[in-house]
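Architecture and fold: a report
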Amino acid sequence: MERDQAIAKLVSYAVEKGLVQPEERIWAVNTLLDILRLDSCSLPEVGPVGEEELPAILGALTDDACARGMLPEDTVTYRDLFDTRLMGALTPRPAQVIATFDGLYRQDPKAATDWYYKFSQDTNYIRRDRIARDVQWKAHTEYGELDITINLSKPEKDPKAIAAARNLPASAYPRCQLCAENEGYAGRVNHPARQNHRIVPITINGSPWFLQYSPYVYYNEHCICLNSVHTPMKIDKACFGKLLDFVDQFPHYFVGSNADLPIVGGSILAHDHFQGGRYTFAMEKAPVEIPFTFPGYEDVQAGIVKWPMSVVRLTCAHPQRLIDLADRILTSWRGYTDESAFIYAETDGEPHNTITPIARRRGSDYELDLVLRNNITTEEHPLGVYHPHAELHHIKKENIGLIEVMGLAVLPARLKTELAAVADKLAQGGDLRSDPLTASHASWAEGFAARVTPDNALDVVYHETGLVFAKVLEHAGVYARTPEGKEAFLRFLSQV
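Model, not experiment: these values are computed from the prediction. (Residues numbered from 1 in each chain as written. Predicted model: local features only at pLDDT ≥ 70, side-chain atom pairs only at ≥ 80, totals over all residues. Heavy atoms only, no water.)

1. A closer look at the overall build of the protein chain
Counting its regular elements, the protein chain contains 16 helices and 15 strands. Taking 23 Å as the expected radius of gyration for a compact globule of 496 residues, we find that the protein chain reaches 25 Å, a close match to that expectation. Once the C-alpha set of the protein chain is aligned to its principal axes, its extents read approximately 75 × 60 × 45 Å. Taking the contacts inside the protein chain whose residues are at least 6 apart along the sequence as the reference set, 64% of them involve residues at least 24 apart. (Helix = DSSP H or I, 4+ residues; strand = E, 2+ residues; numbered from the N terminus. Rg over C-alpha atoms; globule rule 2.2 N^0.38 Å. Contact = heavy atoms within 4.5 Å.)

This is how it looks when you write it as structure tokens:
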């Protein structure tokens, strides 16, 4: 694609998507020329520009800039910094975005989020082409259909960028990738560019927060709700209030919080935030298998959910009743020890018990799922007793955070190649143990090799991967799904 054609197409795209107004075309062209360090151009006529063309348009302009020495290196990191600058120049200012969102919200919260989600894709903040690379499938298990995804949308860090980052002075701005100061930030080799990023202020439970979408979109309308202050994650009574207030304001979304302790928490514990969106996970579909009534809270439907992890579900028409009962359960769990079930509230002064909470609307009712967590480690399980054990690390070694808890496996990119190699070896009767791609999977794959044919090899491997994920979640559950485990679970609930 010629450079002038790419400029014309990018401006037309921005006009068609409502990022730039028709009367702003000349300004938009000149703004791009300034970034591209060009004095002039001759723009051809172009027809309608589809969103699928955007990566090629930005690629052509970035190739041209690179050929003219504008990028330090032709790597993904520097290309992302550059093409985000191009899109940022065509992205409406924050006040315009907020005004549009607020105007739509007054009509209908769903209309506001529909617009905002599409806007976040149109600006290329959410890179549609990269999200499309993710490998996704569903695995039928005794707990319902679990979602499995091999994450390919988050770019790998290139060695040259890593080396360049080592030479940068330490920076505390923005303090983390969630902070509001990311909005409009130009980025650097060790921090993504966010000129095309816009956040929306919201008030949750009387405190100022912001709403945005995840650039990696692990599920439909994957949003992030972040505290306006860089303050650590904390699961407490106020947290339950915020979650339920959010689903009151956005009843078509669920929202949840990662736990607030290492191992069982998410990747960012330093900045208080929630994740939500419009998606029905297997956990939400899972039924209550053991009803339970908490004395004094007879108006709250409660019970243990049929799920591989240890989940207490609370449902009530009155959110304050849920907040009060959830706080009572949390307070009890924080200090609860049951040595016979290997539950220790603390060892050597280090606390172990916390909760991963998820809130949603169910019809006119409010609902909280409280997932009991414990991060104790032992010599046998140095990464965590209630964490995927070593025999499952060939598939999943990382922490089990909120998204996995609900039934969506986010698996590492290496598995796309490795699982395909396993399927190929099984289909051809090859030696799994002699190939570095398949050696770590050999013991597992040999267990189902007899069911594999050349026609079903990859399907079988994917299904078995889903069963491994179900086992991962069972390992993360503090109470085993055995008669003894259920008895111990009820022992805890009875003393709340």
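2. A word on the pairing of strand S5 (residues 223-227)
In terms of burial, S5 is largely enclosed, as five of its five residues are buried. Burial of the side chains of S5 extends over both faces: Cys223, Cys225 and Asn227 are buried on one face and Ile224 and Leu226 on the other. (Buried < 20%, exposed > 50% of the residue type's maximum accessible area, 1.4 Å probe, protein only.)

3. A short note on helix H9 (residues 237-249)
Over its 13 residues, H9 extends 19 Å from the first C-alpha to the last, a length consistent with the 18 Å expected when each residue adds 1.5 Å. Restricting attention to buried positions, one finds in H9 the residues Cys239, Phe240, Gly241, Lys242, Leu243, Leu244, Phe246, Val247 and Gln249. One side-chain oxygen of the residue at the start of H9 lies 3.3 Å from the amide nitrogen of Ala238, identifying that residue as Asp236. (Expected span 1.5 Å × (residues − 1). Polar contact = N/O pair within 3.5 Å; in protein donor to acceptor, adjacent residues only side chain to side chain.)

4. Quick notes on the pattern of salt bridges
Per the stated rule, a full pass over the model turns up 38 salt bridges. The salt bridge involving Asp122 is made with Arg128; its shortest N-O contact spans 2.8 Å. On the basis of relative accessibility, which here comes to 3%, the residue Asp122 falls in the buried class. In this structure, Asp260 and Arg334 form a salt bridge, with 2.8 Å as the shortest nitrogen-oxygen distance. With Asp260 in the loop between strand S6 (254-256) and strand S7 (273-277) and Arg334 in helix H11 (residues 319-334), this residue pair connects regions lying 74 residues apart in the sequence. Owing to a relative accessible area of 14%, Asp260 belongs among the buried residues under this scheme. Look at the salt bridges and you will find they share partners, linking Glu284, Arg313, Arg360, Arg362, Glu367 and Asp369 into a network. (Salt bridge = Lys/Arg side-chain N within 4 Å of Asp/Glu carboxyl O.)

5. Structural notes on the environment of Phe342
Along the chain, the position of Phe342 falls in the loop between H11 and strand S11 (346-347). Take Phe342: its relative accessible area is 33%, and that puts it in the partly exposed class. The spatial distance from the C-alpha of Phe342 to the C-alpha of Ile376 is 9.4 Å, given a sequence separation of 34 residues. With near-sequence residues (within four places) excluded, Phe342 lies in contact with Ile376, Thr378, Val385 and Tyr386.

6. Quick notes on the nonpolar core
Grouped together as the largest cluster of nonpolar side chains are 102 residues, with contacts concentrated most on Phe246, Phe294, Leu314, Ile329 and Tyr479. In this structure, Ile329 is in contact with Phe294, Val312, Leu314, Ile355, Leu370, Phe492 and Val496, ignoring residues within four places of it in sequence. Listed in part, the 54 residues of the second largest apolar core include Trp137, Ile148, Ile395 and Ala457. (Core = buried A, V, L, I, M, F, W, Y, C linked by side-chain atoms within 4.5 Å.)

7. What about the sheet that holds S6?
Strand order in the open sheet made by the 10 strands is S3-S4-S5-S7-S6-S13-S14-S10-S9-S8, with antiparallel pairing throughout. The open sheet has two free edges, formed respectively by strand S3 (200-204) and strand S8 (288-291), since each of these has just one partner strand. Within the sheet, the average angular offset between the axes of one strand and its neighbour, ignoring direction, is 30°. Where strand S10 (residues 311-316) meets strand S14 (residues 365-374), six bridges bridge the pair, whose relative direction is antiparallel. Considered in S14, the bridge of Arg313 is made with Asp369. Packing of H9 onto the sheet brings it into contact with S3, strand S4 (207-213), S5, S6, S7, strand S13 (353-362) and S14, and relative to S13 it is tilted by some 20°. (Pairing = 2+ DSSP bridges. Axes fitted to C-alpha atoms, helices over the stretch in contact; angles between N-to-C directions.)

8. A look at the side chain of His394
With respect to the helices, strands and loops of the structure, His394 is situated in the loop between S14 and helix H12 (402-405). A polar contact is formed between the side chain of His394 and the side chain of His441, at a distance of 2.8 Å. For His394, the contacting residues outside a window of four places in its chain are Arg414, Leu415, Ser440, His441 and Trp444.

9. Description of the environment of Glu346
When you line up the elements, Glu346 lands in strand S11. Under the relative-accessibility criterion, Glu346 is labelled partly exposed at 42%. For the pair Glu346 and Gly47, spaced 299 residues apart in sequence, the C-alpha separation works out to 65 Å. Other than its neighbours up to four places away in sequence, Glu346 contacts Pro351 and His352. In this structure the side chain of Glu346 is engaged in a polar contact, spanning 2.8 Å, whose partner is the backbone nitrogen of Gly349.

10. Structural notes on the packing of helix H5 (residues 94-107) against helix H6 (residues 109-122)
H6 packs onto H5 with a crossing angle of 150° between their chain directions and a minimal axis gap of 6 Å. As the angle between them shows, H5 and H6 are arranged roughly antiparallel. Contact residues: Val97, Thr100, Phe101, Leu104 and Tyr105 in H5; Pro109, Ala111, Ala112, Thr113, Trp115, Tyr116 and Phe119 in H6. Residues belonging to the contact of H5 with H6 are distributed by class as follows: 10 nonpolar, two polar and no charged. (Parallel < 35°, antiparallel > 145°, perpendicular 65-115°, else oblique. Nonpolar A, V, L, I, M, F, W, Y, C, P; charged D, E, K, R; others polar.)

11. Section: the pairing of S10
Within S10, six of the six residues are buried, leaving the element largely enclosed by the surrounding structure. Where strand S9 (residues 301-305) hands over to S10, the hairpin turn is made up of five residues, counted between the paired strands.

12. Overview of the packing of aromatic side chains
The description of an aromatic ring pair uses the distance of the two centres, along with the angle that the planes make with each other. Across all of its chains, the model carries 25 aromatic pairs by this definition. Centre to centre, the rings of Tyr116 and Tyr213 are 5.1 Å apart; their planes meet at 50°, and the pair counts as tilted. Residue Tyr116 is found in helix H6, and its partner Tyr213 is found in strand S4; the two are separated by 97 residues along the sequence. This pair shows no difference in class: Tyr116 is buried, exactly as Tyr213 is. Seen in terms of ring centroids, Tyr143 and Trp307 are 6.3 Å apart; in terms of plane orientation they differ by 65°. Their pairing is edge-to-face. Of the two residues, Tyr143 sits in the loop between strand S1 (135-141) and strand S2 (144-150) while Trp307 sits in the loop between S9 and S10, which places them 164 residues apart along the sequence. Pairwise contacts between aromatic rings join Phe101, Tyr105, Trp115, Tyr116, Tyr117, Phe119, Tyr213, Phe246 and Phe250 into one cluster. Geometry around Tyr366 places Arg361 over its ring, the cationic atom sitting 3.9 Å from the centre. (Phe/Tyr/Trp six-rings, centres within 6.5 Å; stacked < 30°, edge-to-face > 60°. Lys NZ or Arg CZ within 6 Å of the ring centre and 35° of its normal.)

13. Digging into the packing of helix H2 (residues 25-36) against helix H4 (residues 76-89)
Where H2 contacts H4, the axes come no closer than 10 Å and their chain directions differ by 155°. Judged by the angle between their axes, H2 and H4 are roughly antiparallel. Pair H2 / H4 crosses with right-handed handedness. Along its contact with H2, which presents Trp27, Thr31, Leu32, Ile35 and Leu36, the element H4 presents Phe82, Arg85, Leu86 and Ala89. Along the lines of polarity and charge, the residues of the contact of H2 with H4 split into seven nonpolar, one polar and one charged. (Left-handed = near helix turned anticlockwise from the far one by under 90°.)

Just geometry here; none of it tells us what the structure is for.
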